[in-house]
Amino acid sequence: MAEAFNDLTLSADREARYAEVAAEIASVLDGEPNLTARMATVASMLAASFDHYFWTGFYVVDPAKGDELVVGPYHGTLGCLRIAFGRGVCGAAAATRETQLVPDVHAFPGHIACDSRSASEVVVPVFGPDGALIAVLDVDSDQPAAFDEVDARWLEKILAATFG
Ligand code: SME
């Protein structure tokens, strides 16, 4: 019972913080069209807002290849430079165009360990104004099962508002 109550409290706190940071991001980026500036700001502001975030950043679709991601603005330890569509969690999000919520990265087939401390992650596809996939946002935690539907839905909402 106490545990269920704590989960609910945590979830409500998380919702409230996402609502605040969504408004802060929109306000900071108002009038700024540059994509790199927008991605860098989103990564920085999200990383600074949540204790369960360990690595926060974008992998962008490489226009020269079309089916490969290349690292973009991020906040955290050194990330892998390139990820093919279909490889690991980021590659799965890019190939399926669907959010990947992974409670245990070690149980995910083909997971790419850029930093062995990553234990769970959520990866959300990012679409441009014309609906084309432009990037994925990868958020890793050093805690297992750190992300839930609250993270997934709010990240989708923030990314749609910022890049769609
Ligand atoms: N975890 C990702 C790789 C990127 S890094 O962890 C920064 C994946 O398997 O897609």
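One can find the structure itself at the top, above this paragraph.
Here's what I pulled together on the structure shown here. Small disclaimer: the values here were computed from a predicted structure and weren't measured. (Residues numbered from 1 in each chain as written. Predicted model: local features only at pLDDT ≥ 70, side-chain atom pairs only at ≥ 80, totals over all residues. Heavy atoms only, no water.)

**Overview of the nonpolar core**
Consideration 1: Core analysis: the biggest nonpolar cluster contains 28 residues, and Tyr18, Leu46, Phe58 and Leu155 have the highest contact counts within it.
Consideration 2: Looking at this core, the elements that each hand over two or more residues are α1 (2–29), α2 (35–49), β1 (55–61), β5 (120–127), β6 (133–141) and α4 (149–163).
Consideration 3: With seven residues, the single largest contributor to this core is α4.
Consideration 4: Once residues lying within four places of it in the same chain are set aside, the contact partners of Leu46 are Tyr18, Val21, Ile25, Tyr53, Thr56, Leu137, Leu155 and Ile158.
Consideration 5: Leu69, Ile83, Ala94 and Leu133 belong to the second largest nonpolar core, which has 16 residues in total. (Core = buried A, V, L, I, M, F, W, Y, C linked by side-chain atoms within 4.5 Å. Buried < 20%, exposed > 50% of the residue type's maximum accessible area, 1.4 Å probe, protein only. Helix = DSSP H or I, 4+ residues; strand = E, 2+ residues; numbered from the N terminus. Contact = heavy atoms within 4.5 Å.)

**Focus on the packing of aromatic side chains**
Consideration 1: For the structure on display, the rule yields seven aromatic pairs.
Consideration 2: Seen from their ring centres, Trp55 and Tyr74 are 4.9 Å apart, and the 25 degrees between their planes marks the pair as stacked. With Trp55 in strand β1 and Tyr74 in strand β2 (residues 68–75), this pair connects stretches of sequence that are 19 residues apart.
Consideration 3: With relative accessibility at 4%, the residue Trp55 sits in the buried group.
Consideration 4: Among the aromatic residues, those joined into a ring-pair cluster are Tyr18, Phe50, Tyr53, Phe147 and Trp154.
Consideration 5: A cation over an aromatic ring shows up here: Lys157 above the ring of Trp154, its NZ or CZ 4.2 Å from the ring centre. (Phe/Tyr/Trp six-rings, centres within 6.5 Å; stacked < 30°, edge-to-face > 60°. Lys NZ or Arg CZ within 6 Å of the ring centre and 35° of its normal.)

**Looking at the site of the ligand**
Consideration 1: What surrounds the ligand is the set Trp55, Tyr59, Ile83, Gly88, Val89, Cys90, His111, Ile112, Cys114, Glu121, Asp138 and Asp140.
Consideration 2: The backbone of Val89 places a nitrogen or oxygen atom 3.0 Å from an oxygen atom of the ligand.
Consideration 3: Between the ligand and Glu121, the relevant distance is 2.8 Å, taken from a nitrogen atom to a side-chain nitrogen or oxygen of the residue.
Consideration 4: With the chains in place, 99% of the 300 Å² that the ligand exposes on its own is no longer accessible.
Consideration 5: Listed by contribution, the elements that provide at least two residues to the shell around the ligand are β1, α3 (88–96) and β6.
Consideration 6: It is α3 that provides the largest number of residues to the shell around the ligand, a total of three residues.
Consideration 7: Residue composition of the shell around the ligand, grouped by class: seven nonpolar, two polar and three charged. (Near = heavy atom within 4 Å. Polar contact = N/O pair within 3.5 Å; in protein donor to acceptor, adjacent residues only side chain to side chain. Areas by Shrake-Rupley, 256 points an atom, 1.4 Å probe, with all protein chains shown as cover. Nonpolar A, V, L, I, M, F, W, Y, C, P; charged D, E, K, R; others polar.)

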